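Working through the structure, step by step
Listed below, chain by chain, are the residues.
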Amino acid sequence: MLKQAFKKGCLSNGLRYILYPVKDTSLVCVNMFYFVGSRDEEPDKTGFAHLFEHLMFAGSEQAPSFDNEVESAGGVNNAFTTQDYTDYFIELPADNVELALWLESDRMRHLNINEKSLNIQKNVVIEEFKETHLNQPYGDLFHILSDLCYTKHPYRWPTIGLSPEHIEKATIEDVQRFYDKWYQPNNAILAISGKFNENIEDLIKQYFENIPSNLINERNYTLEPPIEHQIKKIVKRDVPLNLIVIAFPMPGRLSPEYSTYDILSDILGNDNSSRLYSSLVKEKKLFISVDASIMGSVDPGLMLITGIVKPSIDVSKAEAALWDELINFNKKPITDRELEKVKNMFLSSLSMDIYDLQKVGFELSFYEALSKAELLFENYDVYRSITKDDIMSLADRILNPDRAFVLNYLKK
Amino acid sequence: MRPNVIIPKEPEIPYVEELLLNNKTKLFTYSTQRTDLVSLYITVPCGYKYAKNPVIGKFAWEMIKAGTNKKNSIQIAEELNYYGASLDISVNPDSVNISLVTLKDFFLPALDLLFELLTDANYPKKELLLQKQETMGILKIENKKVESIANKNFYKLLFGANHPYGRYIKYSDIFLTQRMNLLNFSKKYFDFSQSLWGLAGNYDDQIIRSVTEHFSLLPNLNIEDQTIISKEPAKKSLHINKKSSLQTAIKMGSQIKSLREKDYPYFLIGQTIFGGYFGSRLNKNIREEKGLTYGIFSRTNHFKYQSVWSISAEVKADQANYAINEIRTEYEKFINEPINDEELNRVRNYMMGTSLFAFDGAFNIIKNQLKMSDLGVSVDSYYKNLFYVIKNANEMEIREKFAEYVPWGKMVIVTAGNVETK
């Protein structure tokens, strides 16, 4: 069931496409993935990739109102930007798939770039910045964490940008340059998931084959040097509860060890039966919540342990207990059932993702951009092959206080 | 060249199988081979309105995962995770919605576990303490957010502080909740006699049999539903000052007639044009033309005994008055000026096309079926009427019904932020 058939192709201009047919639906999702994110920004103009995402809805030469076109065809559309990529999708009745292809091709070829829409979207994005980061408790957490854990790589700023002033500075020339540099067919993956006819490849050729492409320069961002001693930061903010974050450097998405990090983080703290939760929340009653996760970035990234400390508990005592669990991870051997549990959770989550037309389109595109779309399904075999020894050996190597970044985010 | 748009067809309402579990309870089923997952949904009309303190009703349901006489909370969580299952419980004033999603191979043991939780939850004291601390923590964080402050004060103003739809959780409610309260609530109100059940995904006959058998063993108390009556609010506006806030949250709206009314679809079209989709008047003006907000939208919220229409936005801190004035201007314009054909046809197509989403895939079909059944609405007649009105309503009918459903004079306006609004 998990391995479902899909087809791939590539046009002469380098645009890759993926076709994922689904029988029992009357909808189709057209997903356009551009392999550009906030890591590709200039350090003095951060937040630009996300601002640009907003501008992609400002209309194009033949379709002055993108949203009106989609809505008139009975569909919805949206987009999101991360440090590594920007993803756009249109979900609509299958009969109108051609309209979605036309809209995507027109904004890939002739985006309507003008001062008025730039100025309005700067305001909108600044309000988004406030709503999601500046005017929320813990909203600047990732600003602080990124700055703490990265000194050289562009992951040192979050996708929303370092500050609203950077958004304010964006000029029309920046917009044009960014568009010309990154929004090229050979830097994009088109995925169509859902119901479509046999002529779909002809339509893709009709709308995209003639879009010229530019050379996309290979990225060569400076990687972070290995961490040699613990780096710790304490900040105080107007928040109700103290929070501790421990971040361990980890390899990028294509590393053979990536999946082992993922499973280790699941065993540590992905759910209410995980080791950290059972011990620190339920038994020792030091934290209100604790969880472990990986950032999932393309370049080397972070495995994060995040805990909200109970109000009556001293932060240093809570942190010491957290370290105690991490350092002594291997003293309690991983059981077969424990490993099977996280693998079942992975399978369940993957099954949910591939049931959703938009998610499966996005996931296939992402893996195709990284290496090959087939990885989405092959990953399950990779996860199944990971052994207890693999995880314990990794834990032994990395769960080390001298190789970690620590943030204490405290209430004033 | 722009391809022709094919006007979205009226969606076919999918046939959902119904099985009678008893004389008042139905099991709705819809299968698919597209996935290895199976979902069970249960809606029980025994929400927190039955408790004087809403926390008692919420915790009694939510904490079934906290322990039974045989298993502690960690064992329960471990078992669910081993089955790759997610068990979500959400409690509203009238009902509780339970969903169990799991891999097909593990559905039967996961169902056994759910049955154990529903019949044998024992609310250990230490778990209650943890739950209180966690809820207190979440509440403290929410109370720092202007959006949450505006939202809860809106419902308080709209219904009254002690009304089930207006009563929000206070620190003292959490503090005062005792284990005995939860045990009493579960004994008295865990009544499945009028519950609604839905099964979706890749299930087989054995799974249906097992669901039926489990249901027959659940408490059948036949408690009488408590009808809720709402009055018009006495006070119409409120500002909560949050000096340090960078934005001001606006929440405004009114009580409206039920979606069971035959003319409701006319209002729904109007509300969509006004603020219910991305291309709406409000979003075009306040976000896309003036850049005052990241997003503004209007929506309906249907409690079992009262529907509500509201507008929400977080705007530049010093521009809340301006934004409210613009909302008023758009409102006046909407009810007084004809809607042009282009806009009306766009919204007709949008509403018809996006109706497909409710019928796309087994999980959506069954969730929608339960939601509508809980509100006492027949899916078939509601959607047939909706599709008819989408196709045939004229612009004047839409504006008239919109003005009738939401007269400006009924509007309750709440703001939370650092600038006093007038």
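Residues numbered from 1 in each chain as written. Chains lettered and ligands numbered in written order. Predicted model: local features only at pLDDT ≥ 70, side-chain atom pairs only at ≥ 80, totals over all residues. Heavy atoms only, no water.

**Digging into the sheet that holds strand S8 (residues 247-256) of chain B**
Residue and element names in this part refer to chain B. Sheet architecture is open: 5 strands sit in the order S7-S11-S8-S10-S9, paired in mixed fashion. At either margin of the open sheet sits one strand with a lone partner, and together these are strand S7 (237-241) and strand S9 (293-302). Between one strand axis and the next, the sheet turns by 10° as a mean value, whatever way the strands run. Of the strand pairs in this sheet, S8 and strand S10 (residues 307-316) are connected by 10 bridges, and their pairing is antiparallel. (Pairing = 2+ DSSP bridges. Helix = DSSP H or I, 4+ residues; strand = E, 2+ residues; numbered from the N terminus. Axes fitted to C-alpha atoms, helices over the stretch in contact; angles between N-to-C directions.)

**Some points on the pairing of S9 of chain B**
All names here are of chain B. Pairing of S9 with S10 involves 8 bridges; the strand directions are antiparallel. Note that in S10 the partner of threonine 300 across the bridge is tryptophan 309. The antiparallel pairing of S9 with S10 creates a hairpin that spans 4 residues between the two strands.

**Notes on the pairing of strand S6 (residues 188-194) of chain A**
All names here are of chain A. Here S6 lies mainly inside the structure; 7 of its 7 residues are buried. Of the pairings in the sheet, the one linking strand S2 (residues 16-21) to S6 comprises 6 bridges and is parallel in character. When the sheet's bridge partners are listed, isoleucine 18 is paired in S6 with alanine 191. Two strands pair when backbone bridges link them, and strand S3 (residues 27-34) and S6 are joined in this way by 7 bridges, in the antiparallel orientation. Bridge assignment links asparagine 31 to a residue of S6, and that residue is alanine 191. (Buried < 20%, exposed > 50% of the residue type's maximum accessible area, 1.4 Å probe, protein only.)

**As for the packing of aromatic side chains**
As enumerated under the stated definition, the model contains 58 aromatic pairs over all chains in all. Residues phenylalanine 80 of chain A and tyrosine 85 of chain A carry aromatic rings whose centres are separated by 6.4 Å and whose planes lie at 80° to one another, so their mutual orientation is edge-to-face. With centroids separated by 4.0 Å and ring planes inclined at 10°, the aromatic side chains of tyrosine 165 of chain B and phenylalanine 303 of chain B adopt a geometry described as stacked. Here phenylalanine 303 of chain B lies in the loop between S9 and S10 and tyrosine 165 of chain B lies in the loop between helix H5 (146-159) and helix H6 (171-176), a separation of 138 residues in the sequence. With relative accessibility at 4%, the residue tyrosine 165 of chain B sits in the buried group. An aromatic cluster is present here, built from Tyr34, Phe48, Phe52, Phe57, Phe66, Tyr88, Phe178, Tyr179 and Tyr183 of chain A joined pairwise through their rings. (Phe/Tyr/Trp six-rings, centres within 6.5 Å; stacked < 30°, edge-to-face > 60°.)

**Topic: helix H2 (residues 73-82) of chain B**
Summarising burial for H2 of chain B: 8 of the 10 residues are buried, a large majority. Where H2 of chain B is buried, its residues touch helix H10 (275-283) and helix H12 (336-355) of chain A together with strand S4 (86-91), strand S5 (96-103), helix H3 (107-120) and helix H4 (125-142) of chain B. You can read the cap of H2 of chain B off the contacts: a side-chain oxygen lies 3.1 Å from the backbone nitrogen of isoleucine 74 of chain B, and it is on asparagine 72 of chain B. Looking at the residues trailing H2 of chain B, positive phi occurs at glycine 84 of chain B, about 60°. (Contact = heavy atoms within 4.5 Å. Polar contact = N/O pair within 3.5 Å; in protein donor to acceptor, adjacent residues only side chain to side chain.)

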